[in-house]
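Take a look at the letters that make up each chain.
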Amino acid sequence: MPFTLNELIKTAKEKNASDVHLVCGLPPRYRVDGVLTDMCSETLTPDECEYYARALAGDDYESIKDIGEWDGAATYEGARCRINVFRQQGSVSAAIRILSGKIPVLRELGLPEAVNGLPLLHSGIVLVTGVTGSGKSTTLAAMLDTINHTRAAHIITLEDPIEYVYTPDKCVINQREIGRDTRSYADALRAVLREDPDVILIGEMRDLDTIRTALTAAETGHLVFTTLHTGSAAEAIDRMVDVFPEGEQRQIRMQVSTTLAAVLSQKLLPKKTGGGRVAACEIMVVTPAIRNLIREGKTPQIANAVATSAAVGSVTLDNSIIKLYKDHVISSETARAAARDAEYVKRGTGM
C-alpha cells in the first residue's frame, strides 16, 4: 500500500492538486494545473484499489456491485472532497476532486465585472457552463455566499453530492444531497417550491424534468442558479430546448427567453508563468434583443449579439482570451489553442 487514504489527500493538497485518480495497474496520480502526475512509481493492485474504494464509499460500497458507480463527498485532512467510485475492467477505480476548504470571494476570482452583479438579482435563471473541472462549482459557491453575506433570503441547494458547505450569515440555508436527503432530483424539485425558497441552486440541469422545474421556479419569482456542460451561451440555450419534444419547443423557447438572466461560460487556461490556471470567460447578459433571438430560435445569431453587447457587460470568450494575453497572463500558444475564432484572436493580439 503506497499511501493511506489520508496520506493521498494530504500529498495532493500540498501540491495544490485538483484531483486524485486511483486505477488498478497504474500509480496513484494527481492533477496539478490540468496535468496528471504520478505520486510514486508503485502501481496499484486490485486489492489496494478495493481498499481505497471501501474506505471512500463506506457503507455504500456494496451498492457499487449492483449499480457500477457511486457518488459521494467527504472531508479528509481538512479538505472537502467530491468522490466518484466506479467499476471498470473487473476492478474498482476512484476519482477524487479536492475542493477548496474556503469559499472564495466572488470579486477575487477575476471574472468579468458583470458577474459581480448576478447575486443582486432577485429572479431569473443564472446558468454557469463549461466542461468538467472548469470551476463552475467554485463560481456558483462564491455567488451564493455573496448573497448569504449581503441579504436576508432562504437559499436551498439540491446537489449530487454536496460540495461546498455554507455557514449561514444573513441567509437561512438548506443543503439537500440527492440520494441522502432526498431520493432523486425529481423528488427534490417537486418539493422545493413548497419550501419557501428565495434562491435555488440546482447542481445540474440533467433532463427535461429538471429544466422544466427550473423554468417554473424562475417564472414564479425565484432566483435559480444551475449548470450545464456546454461551451457557449448559444449551445446552452439549444441544449435546454432540444431535450423537449418538438411540439413543446416553441413554448420552452418562450419560457427561456423570459426567464434567462445570464449565461457564464468558463474555460480554465494555464498561466504563462508561475503555475496555476486562470479562467477565460464568456458572459452573456440577456438583453431584449437576445430575448427576441431566443424566442425566434435564431441561436446562431446570439454570438454576434453577445459581441455587440459590451455596454451591458457581455464579454465573448475570444475577447476574454485577448485580454488575458495582453495582460501577459497566458502565452500566445495557449491563446491560439483556446480561441473559438483563431484568426480573430490573432488579429486582436497582434500575434
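Let me sum up the structure you'll find in this document. (Residues numbered from 1 in each chain as written. Predicted model: local features only at pLDDT ≥ 70, side-chain atom pairs only at ≥ 80, totals over all residues. Heavy atoms only, no water.)

**Structural notes on the environment of Arg54**
Move 1: Relative to the helices and strands, Arg54 is located in helix H2 (residues 46-57).
Move 2: Exposure remark for Arg54: the relative accessible area of 36% places this residue in the partly exposed category.
Move 3: Ignoring any residue separated from it by four or fewer positions in sequence, one finds Arg54 in contact with Tyr61, Glu62 and Lys65. (Helix = DSSP H or I, 4+ residues; strand = E, 2+ residues; numbered from the N terminus. Buried < 20%, exposed > 50% of the residue type's maximum accessible area, 1.4 Å probe, protein only. Contact = heavy atoms within 4.5 Å.)

**Quick word on the pattern of salt bridges**
Move 1: Scanning all chains against the criterion turns up 17 salt bridges.
Move 2: With a closest N to O distance of 3.2 Å, Glu50 and Arg54 form a salt bridge. Here Glu50 pairs with Arg54, and both are found in helix H2, just 4 residues apart, close to one helical turn.
Move 3: Judged by relative accessible area, Glu50 falls into the partly exposed class, the value being 29%.
Move 4: Between Lys298 and Glu296 there is a salt bridge; the shortest N-O distance is 3.2 Å.
Move 5: On the accessibility criterion, Glu296 (49% relative accessible area) is partly exposed.
Move 6: Residues joined by salt bridges that share partners form a network here, namely Glu50, Arg54 and Glu62. (Salt bridge = Lys/Arg side-chain N within 4 Å of Asp/Glu carboxyl O.)

**Looking at the nonpolar core**
Proteins that are soluble and globular tend to have nonpolar side chains buried together.
Move 1: In terms of nonpolar packing, the biggest core is built from 38 residues, with Leu127, Met240, Leu260, Met284 and Ile302 touching the most fellow members.
Move 2: Residue contributions to this core peak at 6 residues, all from helix H7 (residues 233-242).
Move 3: Discounting chain neighbours no more than four positions away, the residues touching Leu127 are Met205, Thr226, Thr227, Leu228, Ala236, Met240, Leu260, Ala262, Val263 and Leu264.
Move 4: Formed by 31 residues, the second largest nonpolar core is a distinct cluster that contains Leu106, Leu111, Leu201 and Val285. (Core = buried A, V, L, I, M, F, W, Y, C linked by side-chain atoms within 4.5 Å.)

**A word on the packing of H7 against helix H8 (residues 246-259)**
Move 1: Orientation of H7 relative to H8, taken along the N-to-C sense of each, is 135°, at an axis distance of 9 Å. When the axis of H7 is compared with that of H8, the two are oblique. Along this stretch, H7 crosses H8, giving a crossing that reads as right-handed. Contacts from Ile237, Asp238, Met240, Val241 and Asp242 of H7 reach H8 at Gln249, Ile252, Arg253 and Val256.
Move 2: Of the residues contributing to the contact of H7 with H8, the split by class is 5 nonpolar, 1 polar and 3 charged. (Axes fitted to C-alpha atoms, helices over the stretch in contact; angles between N-to-C directions. Parallel < 35°, antiparallel > 145°, perpendicular 65-115°, else oblique. Left-handed = near helix turned anticlockwise from the far one by under 90°. Nonpolar A, V, L, I, M, F, W, Y, C, P; charged D, E, K, R; others polar.)

**Regarding unusual backbone geometry**
Move 1: Of note, the amide linkage connecting Asp160 to Pro161 takes the cis form, showing an omega dihedral of 0°.
Move 2: Tracing the sequence through the fold places Pro161 in the loop between strand E8 (154-159) and strand E9 (172-177).
Move 3: The phi dihedral of Gln89 falls on the positive side, at around 50°, and the residue is not glycine.
Move 4: With respect to the secondary-structure elements, Gln89 resides in the loop between strand E5 (79-88) and strand E6 (91-98).

**Let's talk about the pairing of strand E3 (residues 35-38)**
Every other side chain in a regular strand lies on the same face of the sheet, so the side chains alternate between the two faces.
Move 1: One ladder, built from 4 bridges, connects strand E2 (residues 29-32) with E3; its direction is antiparallel. Within the sheet, the bridge partner assigned to Arg31 lies in E3 and is Leu36.
Move 2: Linking E2 to E3, which pair antiparallel, is a turn of 2 residues; within it Asp33 sits at a positive phi near 55°. (Pairing = 2+ DSSP bridges.)

**A few points about the environment of Asn292**
Move 1: Along the polypeptide, Asn292 turns up in helix H9 (residues 288-295).
Move 2: In this structure, the C-alpha to C-alpha distance between Asn292 and Leu260, residues 32 residues apart in sequence, is 12 Å.

In short, the description is geometric, and any link to function would need to be established separately.
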